[in-house]
Amino acid sequence: MAGIIFKDVVKTYDNGVTVVPDLNLEIKDKEFVVLVGPSGCGKSTTLRMIAGLESITKGDLFIGDQKMNAVPPKDRNIAMVFQSYALYPHMTVYKNMAFALELAKTPKEEIDKKVHAAAEILGLEPYLDRKPKALSGGQRQRVALGRAMVRNPEVFLLDEPLSNLDAKLRTEMRSQISKLHKQLGTTFVYVTHDQTEAMTMGDRICVMKDGIIQQFDTPQNLYDYPCNLFVAGFIGSPQMNFIDAVVEQAEDGYVLCFGDAKIKVNKEELAPYVGKTVVCGVRPEDFHAEPQFFGEGNSIDAYIDLDEMMGSESYLYLDYAGQKLVTRVPARYAKKADENIKLAVDVDKIHVFDKTSELVICQ
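Summary of the structure given here. As the structure is a computational prediction, the values presented were derived from the model and not from experiment.

Here we have 4 strands laid out as an open sheet, ordered S2-S1-S4-S5, and antiparallel in their pairing. What marks the edges here is a single partner per strand, and that holds for strand S2 (18–27) and strand S5 (66–67). Bridge analysis of strand S1 (residues 4–12) against S2 gives 6 bridges, and the strand direction is antiparallel. For Ile 4, the partnering residue across the bridge sits in S2 and is Ile 27. Seen against the sheet, helix H1 (residues 43–51) touches S1, S2 and strand S4 (58–63) and runs at an angle of roughly 115 degrees to S1.

A large share of strand S3 (residues 32–36) lies buried, amounting to 5 of its 5 residues. By the alternation rule, side chains of S3 split into Phe 32, Val 34 and Val 36 and Val 33 and Leu 35, which are all buried. Pairing between S3 and strand S8 (residues 187–192): 5 bridges, direction parallel. When the sheet's bridge partners are listed, Val 36 is paired in S8 with Thr 192. When S3 meets strand S9 (residues 204–209), the two strands line up parallel, connected through 4 bridges. Within S9, the residue paired with Val 34 across the bridge is Ile 205.

Attention now moves to the nonpolar core. Counting 46 residues, the largest nonpolar core has Met 97, Val 115, Leu 145, Leu 158, Ile 177, Tyr 190 and Val 207 as the members making the most contacts within it. Contact partners of Met 97, with chain neighbours within four places excluded, come to Val 115, Ala 118, Ala 119, Leu 124, Leu 128, Val 143, Gly 146, Arg 147 and Val 150. Core analysis: the next-biggest nonpolar cluster, separate from the first, contains 31 residues, Leu 270, Tyr 273, Ile 304 and Cys 362 among them.

Time to look at the pattern of salt bridges. Should their charged atoms come close, side chains of opposite charge can pair. Tallying each qualifying case throughout the model produces 14 salt bridges. Here Glu 54 ties to Lys 11 by a salt bridge, and the two come within 3.6 Å at their closest N and O atoms. Taken together, the positions of Glu 54 in the loop between H1 and S4 and Lys 11 in strand S1 put the pair 43 residues apart, joining distant regions of the chain. The residues Glu 54 and Lys 11 share a single accessibility class, namely buried. With a closest N to O distance of 2.9 Å, Lys 324 and Asp 319 form a salt bridge. Looking at Lys 324, the relative accessible area reads 57%, which means it is exposed. When salt bridges with common partners are traced through the structure, they connect Lys 11, Arg 48 and Glu 54 into a single cluster.

Attention shifts here to the packing of aromatic side chains. Applying the stated criterion across every chain, the model contains 7 aromatic pairs. Here Phe 156 and Phe 188 contribute two aromatic rings whose centre-to-centre distance is 4.7 Å and whose plane-to-plane angle is 25 degrees, an arrangement assigned as stacked. Remark: Phe 188 occurs in strand S8 and Phe 156 occurs in strand S7 (residues 155–159); sequence separation between them is 32 residues. On the basis of relative accessibility, which here comes to 1%, the residue Phe 156 falls in the buried class. Note on Phe 242 and Phe 353: the rings are 6.2 Å apart at their centroids and 80 degrees apart in plane angle, and the pair reads as edge-to-face. One end of the pair, Phe 242, is in strand S11 (residues 241–250); the other, Phe 353, is in strand S20 (residues 351–353), and 111 residues separate them in sequence.

This paragraph deals with the layout of surface pockets. Of the voids in this model, the largest pocket is the one considered here, and its volume is about 410 Å³. Lining the largest pocket are 17 residues, and of these Met 80, Phe 82, Ala 100, Arg 147 and Arg 151 lie nearest its centre. Counting only elements with at least two residues in the lining of the largest pocket, the list comes to strand S6 (78–81), helix H2 (93–103) and helix H4 (137–149). Grouping the constituent residues of the lining of the largest pocket by class yields 14 nonpolar, no polar and 3 charged. By volume, the second largest pocket amounts to about 160 Å³. Lining of the second largest pocket is provided by Tyr 223, Asp 224, Tyr 225, Arg 283, Glu 285, Asp 286, Asp 348, Lys 349, Ile 350, His 351 and Gln 363. Per-class residue counts for the lining of the second largest pocket are 3 nonpolar, 2 polar and 6 charged.

Thresholds, definitions, all that
Residues numbered from 1 in each chain as written. Predicted model: local features only at pLDDT ≥ 70, side-chain atom pairs only at ≥ 80, totals over all residues. Heavy atoms only, no water. Pairing = 2+ DSSP bridges. Helix = DSSP H or I, 4+ residues; strand = E, 2+ residues; numbered from the N terminus. Contact = heavy atoms within 4.5 Å. Axes fitted to C-alpha atoms, helices over the stretch in contact; angles between N-to-C directions. Buried < 20%, exposed > 50% of the residue type's maximum accessible area, 1.4 Å probe, protein only. Core = buried A, V, L, I, M, F, W, Y, C linked by side-chain atoms within 4.5 Å. Salt bridge = Lys/Arg side-chain N within 4 Å of Asp/Glu carboxyl O. Phe/Tyr/Trp six-rings, centres within 6.5 Å; stacked < 30°, edge-to-face > 60°. 1 Å grid on protein atoms, 1.4 Å probe; cavity = no way out; pocket = protein on both sides within 12 Å on 5 of 7 lines; lining within 4 Å. Points joined across faces, edges and corners; volume = space filled by probe spheres on them. Nonpolar A, V, L, I, M, F, W, Y, C, P; charged D, E, K, R; others polar.

This is the structure we're talking about:
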């Protein structure tokens, strides 16, 4: 069993700066968990504490049933894959993958078996005699993964391993790493600032800000039910639109008023906010140009600042009542810049947030 538990963990550096103020996190055995957030949010520090590369100031870290606070990195049975690959340039692919086993005085036959087994899974067998400089970026990253695999670790730690690759290679490596996780049945902890990587790879995603966990949930739940403005804005591309709206009482519910729009939202959670300004969140795909979506009072007539043709759909950057919005519409309904477009708001997909606390009110 190789679950990971952080219990009341604090990380403060010698200069007095606290990067992780109070971390409580449980990662299940064999789970693929992604730590995501902006630069400086504490995600890499959290990963390095698991690896033993950063000491814990307060609290406890468990891997499996063993407390790890004082266990040296070499005794933790973890393997780490870095952003920079960290391959030995003078060694062949085979030697790079075998090096850690040779240091551990593993029998030569066992080393050979493990290296070839890992190379087969990763498609590296044709390159075992090459040196890193003769490989592409994606191949080097696979060698780094193979070097970790041969050790049969309980936990894989991956620190932004795809950030040096181009867009096409990143897409290919995302699927390869996800497939590798399923084949190995091992706990994976993956750090990235790229929310697309997080959404496509993780069983669960831990969204962090300023060393604090904002929400820890499945990708779908993070997208559909963000707990606050930060998570709502961080998850999703293009990001969610945030619109200041005033809540008004209606005969059979409540309406959100902004510009000339009055969007009907029958949510009792809005009762305490009548007459107050809230933040209305609408994802770009929840504005609709299709005629069947139009109903009484749930539409806006917006000016198009910019249109981006994406093939089957268009991103329209809009100006409505002084607020900047972005929407995704099917290409056949798109209009050009400097024109107006009528859009319906999907009232069943609206998120409403408290303007002061930034916490969700209803969705």
